[in-house]
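Working through the structure, step by step
These are the residues of each chain, in order.
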Amino acid sequence: MKKLVSLLLASVLLASGALLFASCGDDIDVEFVETPYAGTTLYVYNWGEYISDGREGSLDVIRYFEKKYDIEVKYSTYQTNEEMYAQLSTGARYDVVIPSDYMIERLVREGLVQKLDFDNIPNYEYIADRYKDLYFDPDNEYSVPYTAGMVGIIYNTTKVDEADIADQSWSLLWNTDYDRNQLINMNNSRDAFGTAMYYLGLDVNSTNRADWDAAFNKLKEQNCIYLMDEIYNKMENNTASAAAYYAGDALSMVQENPDLAFYYPVEGTNSFVDSMCVPTTARNKGAAELFINFMLDPYIGAMNANYICYASPNTEVWNHPDYDYREGTAEYDILYSLPESYTADPDRMQYFHILDDATQAYMDELWLQLFQ
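A quick note: this is a predicted structure, and the numbers were derived from the prediction, not measured. (Residues numbered from 1 in each chain as written. Predicted model: local features only at pLDDT ≥ 70, side-chain atom pairs only at ≥ 80, totals over all residues. Heavy atoms only, no water.)

Below, the discussion takes up the pairing of strand β7 (residues 183–186). Residues L183 and N185 line one face of β7 and the alternating positions I184 and M186 line the opposite face, and both faces are buried. Sheet analysis places β7 next to strand β9 (residues 242–246), joined by two bridges and oriented parallel. Looking at β9, one finds that L183 is bridged to A242. Two elements, β7 and strand β8 (residues 225–227), share three bridges in a ladder whose sense is parallel. Residue N185 lies in a different strand from β8, and its bridge partner there is Y226. (Buried < 20%, exposed > 50% of the residue type's maximum accessible area, 1.4 Å probe, protein only. Helix = DSSP H or I, 4+ residues; strand = E, 2+ residues; numbered from the N terminus. Pairing = 2+ DSSP bridges.)

Structure representation (structure tokens):
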């Protein structure tokens with residue numbers, strides 16, 4: 001979900017059938033594992049800034065995978081679920097994609113992802129039960145959870161008056177005491193409309209046009225600009241006061257700027273699970289399942305979760321000695337603990353569902369109108 005970034009990947013030449021070792025980061029050796037997929041190429045399509053890539057002392061998990069299995073990874077990124085969907089729906093060929101829950105529902109319905117062979121993904125046993133049997137894949141056939149999270153508000157403690165966040169509300173994004181360029185909503189329709197619908201107490205999956213009209217009118221009143229990737233720079237560089245954004249990304253911003261803080265608004269928010277899937281157009285399904293299983297390895301999972309800052313659905317990550325956000329840390333409280341208002345009323349945590357065609361078209365129409 002997540003900040004767009006291009007990764008510089010190098011191919012690795014390994015002798016097939018030999019036991020090889022190579023350095024991969026500081027003091028990390030990778031033992032070559034022979035598989036039928038050595039020498040092939042794997043195409044991975046993911047959100048930007050959504051995998052540990054070797055920067056800032058992190059583990060480059062793509063490079064690690066390449067060395068371990070002699071499989072070259074062609075890695076590319078997208079900024080929204082809709083951008084990814086547009087690529088798949090027009091025949092783009094990727095082996096692994098990592099959509100959000102509601103988009104997985106759509107991909108399954110339209111036959112754009114295929115069933116997985118879980119015999120090739122034994123590490124699936126580490127996925128916590130709470131992330132199985134979910135609405136978008138009720139029989140656990142098409143997807144393997146990658147991360148989980150919720151949306152909230154990140155704000156600059158030196159710019160936002162404490163009185164304006166005392167009620168921990170979405171109202172901050174409507175506060176006219178701040179210049180318009182100081183408050184940021186997300187520049188994608190579902191998340192942006194969501195902020196207004198949570199604030200108004202509406203169902204984000206409503207098929208009632210009156211609800212969408214109410215949300216549209218509320219957004220017109222909102223004192224915000226609309227951004228995605230640029231949120232990082234503005235918040236980290238103290239050039240914005242507050243923004244709606246994903247908790248995992250907010251934590252990474254806080255690590256860069258200690259003046260930043262984060263909260264989940266009391267009215268409610270979006271709860272999401274992003275999962276790994278294999279498109280029907282995949283050319284290397286076996287290597288794709290190998291990659292998915294690799295990402296669930298407890299060590300790889302912990303290293304990856306450290307870097308991207310999202311909650312992990314992997315039970316072996318939670319207490320792994322190399323995991324930075326174990327229980328007792330401030331980060332754990334954001335990632336895994338819920339506000340009292342949410343535990344008292346779980347319905348305040350809303351999943352996005354795929355909208356019917358008429359509702360989707362109406363939302364798209366309102367979204368365009370918002371910028372006219």
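Across the 13 residues of strand β6 (residues 144–156), 13 count as buried, placing the element largely inside the fold. Note: β6 against strand β11 (residues 269–276), six bridges, orientation antiparallel. Bridging across to β11, V144 finds its partner in M276. Here β6 pairs with β9 via five bridges, running antiparallel. Among the inter-strand pairings, G152 is bridged to a residue of β9, identified as Y245. One ladder, built from four bridges, connects β6 with strand β10 (residues 260–263); its direction is antiparallel. When the sheet's bridge partners are listed, N156 is paired in β10 with L260.

In this section: the nonpolar core. Of all hydrophobic cores here, the largest spans 129 residues; its most connected members are F65, L172, F193, F291 and M295. When residues of this core are assigned to their parent elements, the largest contribution, eight residues, is made by β6. With residues near it in sequence (within four places) discarded, F65 still touches L42, D70, I71, V73, A287, L290, F291 and F294. (Core = buried A, V, L, I, M, F, W, Y, C linked by side-chain atoms within 4.5 Å. Contact = heavy atoms within 4.5 Å.)

What follows deals with empty space enclosed by the protein. In the structure shown here, the tally under the stated rule is three cavities of 30 Å³ or more. Considered as a void within the structure, the largest cavity measures approximately 120 Å³ in volume. Taken together, 16 residues make up the lining of the largest cavity; nearest its centre are Y146, M295, G301, N304 and S312. Secondary-structure elements contributing two or more residues to the lining of the largest cavity are β6 and α9 (298–308). Tallying contributions element by element places α9 first for the lining of the largest cavity, with four residues. Taken together, the residues that form the lining of the largest cavity break down as eleven nonpolar, five polar and no charged. (1 Å grid on protein atoms, 1.4 Å probe; cavity = no way out; pocket = protein on both sides within 12 Å on 5 of 7 lines; lining within 4 Å. Points joined across faces, edges and corners; volume = space filled by probe spheres on them. Nonpolar A, V, L, I, M, F, W, Y, C, P; charged D, E, K, R; others polar.)

Let's shift gears to the packing of aromatic side chains. One pass over the full model with this rule turns up 32 aromatic pairs. Residues Y264 and Y342 carry aromatic rings whose centres are separated by 6.3 Å and whose planes lie at 45 degrees to one another, so their mutual orientation is tilted. Here Y264, found in the loop between β10 and β11, pairs with Y342, found in helix α12 (residues 340–344); they are 78 residues apart in sequence, far enough to count as distant. Their ring planes at 35 degrees and their centres at 4.9 Å tell us that Y332 and Y336 sit as a pair that is tilted. Taken together, the residues span about one helical turn, with Y332 and Y336 both in helix α11 (residues 330–336) at a distance of four residues. An aromatic cluster of three or more residues is present, and its members are Y50, Y146, Y232, Y245, Y246, F272 and Y310. (Phe/Tyr/Trp six-rings, centres within 6.5 Å; stacked < 30°, edge-to-face > 60°.)

The element helix α7 (residues 247–256) is largely enclosed, with a buried count of seven among its ten residues. Every buried residue of α7 is accounted for by A247, G248, D249, A250, L251, S252 and M253. Lining the buried residues of α7 we find β6, α6 (230–236), β9, β10, α9 and α11.

The three strands lie next to each other as β4-β3-β5, forming an open sheet whose pairing is parallel. Strands at the two margins of the open sheet, each flanked by one partner only, are β4 (72–78) and β5 (96–97). The sheet contact formed by strand β3 (residues 41–47) and β5 spans two bridges and is parallel. Across the sheet, the residue bridging to V44 is V96, located in β5. Here helix α2 (residues 81–89) sits on the sheet in contact with β3, β4 and β5, set at roughly 145 degrees to β3. (Axes fitted to C-alpha atoms, helices over the stretch in contact; angles between N-to-C directions.)

In this section: the layout of surface pockets. In this structure, the second largest pocket spans a volume of roughly 370 Å³. Lining the second largest pocket are 19 residues, with Y131, M150, S271, L338 and M349 positioned closest to its centre. Where the lining of the second largest pocket is concerned, the elements lending two or more residues are β6, α7, β11 and α11. Taken together, the residues of the lining of the second largest pocket break down into 15 nonpolar, three polar and one charged.

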